[in-house]
Amino acid sequence: MSTSPEGLLGLVKAGQLTIPPLLPLLRLAIITLIFGYLARIIYNIFLHPLRVVPGPWWHAATGLARYRMYMSGDAHKILRDMHIKYGDIVRVGPNEVSFSAAHGWSDVFGQKRIPAAESQGGHAYIENPKEHLFYSTITRRDSLIAMPQADHIIARKTINSAFSNKAVAEQEPLVQRHVDKLIRLLHDAAKSKDAEIKDSNIVDMVQYTNWVFFDITGDLGFGEPFGSLVDGAEHAWVAVIPKAVKSAVTVVNLQRLLGSTLAHFAIWLKMTQEARNRLTWHRAMSDEKVNRRRALGPGRPDFMTPMLENDGFWNTQRLHGSLTTFITAGSETSATTTSAAMLYLTTTPATVVGGQSPLEKLTAEVRSAFKSDAEINFAGVKSLPYLGAVLDEALRMHPPAVWGFGREAKAGGSVVANGKFFLPEATILTICHWAMFRNPRNFALPDTFAPERWLTGADADPRFRNDKHDAFQPFSYGPRNCIGRYLALAEMRTILARIVFNFDLAIQPGNERWAADQKAYAFWEKPPLMMAVTERAEKA
Ligand code: HEM
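Cut-offs applied
Residues numbered from 1 in each chain as written. Predicted model: local features only at pLDDT ≥ 70, side-chain atom pairs only at ≥ 80, totals over all residues. Heavy atoms only, no water. Donors = N, O, S within 2.8 Å, 3.2 Å for Na, K, Ca; no water. Helix = DSSP H or I, 4+ residues; strand = E, 2+ residues; numbered from the N terminus. Contact = heavy atoms within 4.5 Å. UniProt positions renumbered as here; feature names shortened; annotations may be inferred. Salt bridge = Lys/Arg side-chain N within 4 Å of Asp/Glu carboxyl O. Buried < 20%, exposed > 50% of the residue type's maximum accessible area, 1.4 Å probe, protein only. Near = heavy atom within 4 Å. Polar contact = N/O pair within 3.5 Å; in protein donor to acceptor, adjacent residues only side chain to side chain. Nonpolar A, V, L, I, M, F, W, Y, C, P; charged D, E, K, R; others polar. Expected span 1.5 Å × (residues − 1). Bend = angle between axes of the 7 residues up to and from the residue. Disulfide = S-S within 2.5 Å. Axes fitted to C-alpha atoms, helices over the stretch in contact; angles between N-to-C directions. Parallel < 35°, antiparallel > 145°, perpendicular 65-115°, else oblique. Pairing = 2+ DSSP bridges.

**What to know about the coordination of the iron atom of the ligand**
Alright, step 1. On the protein, Cys482 (SG) is the one donor atom to the iron atom of the ligand, at 2.3 Å.
Alright, step 2. Along the polypeptide, Cys482 turns up in the loop between helix H22 (433-437) and helix H23 (485-502).

**A closer look at the environment of His282**
Alright, step 1. Of note, His282 is situated in helix H15 (residues 273-296).
Alright, step 2. When the C-alpha positions of His282 and Pro385 are compared, they lie 41 Å apart, and in sequence the two are 103 residues distant.
Alright, step 3. Setting aside its immediate chain neighbours within four residues, His282 contacts Trp237, Val240, Ile241 and Thr324.

**Quick word on the UniProt feature "transmembrane region" (unreviewed entry) in the protein**
Alright, step 1. This chain's UniProt record puts "transmembrane region" (unreviewed entry) on residues 25-43.
Alright, step 2. Secondary structure within residues 25-43 divides into 100% helix and 0% strand; the distance between the first and last C-alpha atoms comes to 27 Å.

**Brief notes about the pattern of salt bridges**
Pairing is possible between side chains of opposite charge, provided their charged atoms come close.
Alright, step 1. Using the criterion set out here, one finds 32 salt bridges in the structure.
Alright, step 2. With a shortest N-O distance of 3.2 Å, Arg441 and Asp88 are connected by a salt bridge. Linking Arg441 in the loop between H22 and H23 with Asp88 in the loop between helix H5 (75-86) and strand S1 (89-93), this pair joins segments that are 353 residues apart in sequence.
Alright, step 3. Given a relative accessible area of 30%, Asp88 falls into the partly exposed group.
Alright, step 4. One salt bridge in this structure joins Glu525 and Lys246, with 3.2 Å as the shortest N-O distance. Pair noted here: Glu525 is in strand S12 (residues 523-525) and Lys246 is in helix H13 (residues 236-258), with a separation of 279 residues, a long-range link.
Alright, step 5. Here Lys246 falls in the partly exposed class, since its relative accessible area comes to 31%.
Alright, step 6. Linked through salt bridges whose partners overlap, the residues forming this network are Arg66, Glu96, Glu131 and Arg256.

**A look at the site of the ligand**
Alright, step 1. What surrounds the ligand is a group of 28 residues, the closest being Lys130, Tyr135, His152, Arg156 and Cys482.
Alright, step 2. One nitrogen or oxygen atom from the side chain of Lys130 is found 2.7 Å from an oxygen atom belonging to the ligand.
Alright, step 3. In the model, a nitrogen atom of the ligand is placed 3.4 Å from a nitrogen or oxygen of the Ala329 main chain.
Alright, step 4. If you list the elements that add at least two residues to the shell around the ligand, you get helix H9 (149-159), helix H17 (316-347) and H23.
Alright, step 5. Counting residues per element, the shell around the ligand draws most heavily on H17, which supplies six residues.
Alright, step 6. Taken together, the residues that form the shell around the ligand break down as 15 nonpolar, nine polar and four charged.

**Concerning unusual backbone geometry**
Alright, step 1. Look at Asn418: it is not a glycine, yet its phi comes out positive at around 50°.
Alright, step 2. Note on placement: Asn418 falls in the loop between strand S7 (414-416) and strand S8 (421-423).
Alright, step 3. Although it is not a glycine, Ala426 sits at a positive phi angle of roughly 75°.
Alright, step 4. Tracing the chain through its elements places Ala426 in the loop between S8 and strand S9 (428-430).

**Observations concerning H13**
Alright, step 1. End to end, H13 covers 33 Å across 23 residues, agreeing with the expected 33 Å (1.5 Å per residue, within 8%).
Alright, step 2. The largest bend in H13 is about 25°, located at Pro242.
Alright, step 3. Among the residues trailing H13, Gly259 stands out with phi positive, at a value near 90°.

**Notes on the state of the cysteines**
Alright, step 1. For the structure on display, the rule yields zero disulfides.
Alright, step 2. Of all cysteine sulfurs in the structure, the one in Cys482 sits closest to Cys432, which takes part in no disulfide; the separation is 18 Å.
Alright, step 3. What makes Cys432 buried here is its relative accessible area of 3%.

**What about the packing of helix H4 (residues 64-71) against H13?**
The relative placement of two packed helices comes down to the angle between their axes together with the axis-to-axis distance.
Alright, step 1. Two numbers describe how H4 lies on H13: the axes approach to 9 Å, and their chain directions differ by 170°. Overall, the two elements H4 and H13 adopt an arrangement that is roughly antiparallel. Counting all contacts with H4, which are made through Leu64, Arg66, Tyr67, Tyr70 and Met71, the residues of H13 involved are Val249, Thr250, Asn253, Leu254, Arg256 and Leu257.

**Details of the sheet that holds S1**
Alright, step 1. Across the sheet, which stays open at both edges, the four strands sit in the order S1-S2-S9-S6 with mixed pairing between neighbours. Two strands in the sheet have a free side with no partner beyond their single neighbour: S1 and strand S6 (407-408).
Alright, step 2. Here H4 sits on the sheet in contact with S1, strand S2 (96-99) and S9, set at roughly 95° to S1.

Here's what the structure looks like:
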């Protein structure tokens, strides 16, 4: 029998071959699809290995509820409520489990010892790998934060020296130069009020903190600040970042819902040419900045020096891939925390914590510890217990890495919650920092800003005696925790201390719910935070 098109046409014409009508075929396809989808739902709810993990059935059934939750901007609140209702481990998607008890940190981010691998010369420890889709979308493949375990071990070994306490002390003069500029800008704003320019001392603290942290981290990474503190304006490179993160989060969630092909089509329809051009420009500019810093060679007390000294590992791709991560991870986070600290300080009345308000207590501590601005240094601020407690509490109330940053259960699966659950390989494991830190099972009065909960010894507050401090890991946990935490703490303490030393702060009406109403797409979508800055009347 002929199978050529002409031959088949001949058979049709001769009435020996009939073509089934299209409509019934389409109907059949649709019915098959619906049945396939229903079968999947039934499998997900009743037969899937994760069926034993508690959670709402509609989150287990399909990826739709999960998608809507993450794209609502309120996932942190929804997750907290789910953990209160269903417990410490909740199934939030067909293939995703969220943790909200202290053991979750080691279950998700810890590493397990594998003796067999050790004897064969492989890794002695195995970790749950990073959630591939999330990390490959929010950053470049060769970035430190996305590297496979074997590369990551070498990477951390070669650059740890730039992030130790000793290195941070060497970076202090560079950091303080930028903080000086910030304080000068704030004095300018405060003084302009004396010149009777109405409301000129009202500043957006989100902008000011972004400027100072991006200038510092730009200088430590690219070898050049962004110049925001000089220009009094955000640099275009920095302005792209929040939009890029939100787009990346949308892409990840769409792909998880629709699969790669459909999602790419949807994204292609949605993304404008202008947005595409912006991302290409951003990447080119980052690479140009890295190349300029690279040309200077090692020697500067910054992030790049150990990388340039280990150029066998830190090749062009890894340098280009990692530097944007360093700058974003090191600026956006610290700026958010410092803004949040100022918000809570200016909105928490004395009645909540007893006696003086947190702002009064902090002001008294800082102004009595230092006689002049020049005295406020990294070593000095480290010894102020209330200042440390204020920042810890700001990190608890408004953690900068809200959600995301998940892992996939390792090859062979993961046993979690002290043996209670077995999660099969590739199950997505997540911890929403906000949901963990605002869970009443972990912290008393979880929605109250109370730095007192972190005080120890004679200053310890009995109301917070049962707080679970090991649930609080704002810098994450395990081999992939935050490499920049010492720097972050030194910078944030110094900047907050210098602001409180120099100025009286007052929140502007309408800004009180700055944190409460914020949406989050992995990081926060921060609106302006307007505050009046007034030069302190007298130096105590
Ligand atoms: C309040 C400030 C900060 C917070 C809350 C914070 C939080 C975090 C968290 C939660 C992670 C883990 C992400 C993951 O699991 O993939 C992380 C990683 C990281 N952070 Fe920070 N961070 C802060 C400041 C900084 C600073 C100042 C730097 C300096 C450059 C920095 C650089 C990094 C880098 C490079 C990583 C990736 C580490 C790796 O994968 O080995 N962070 N940070």
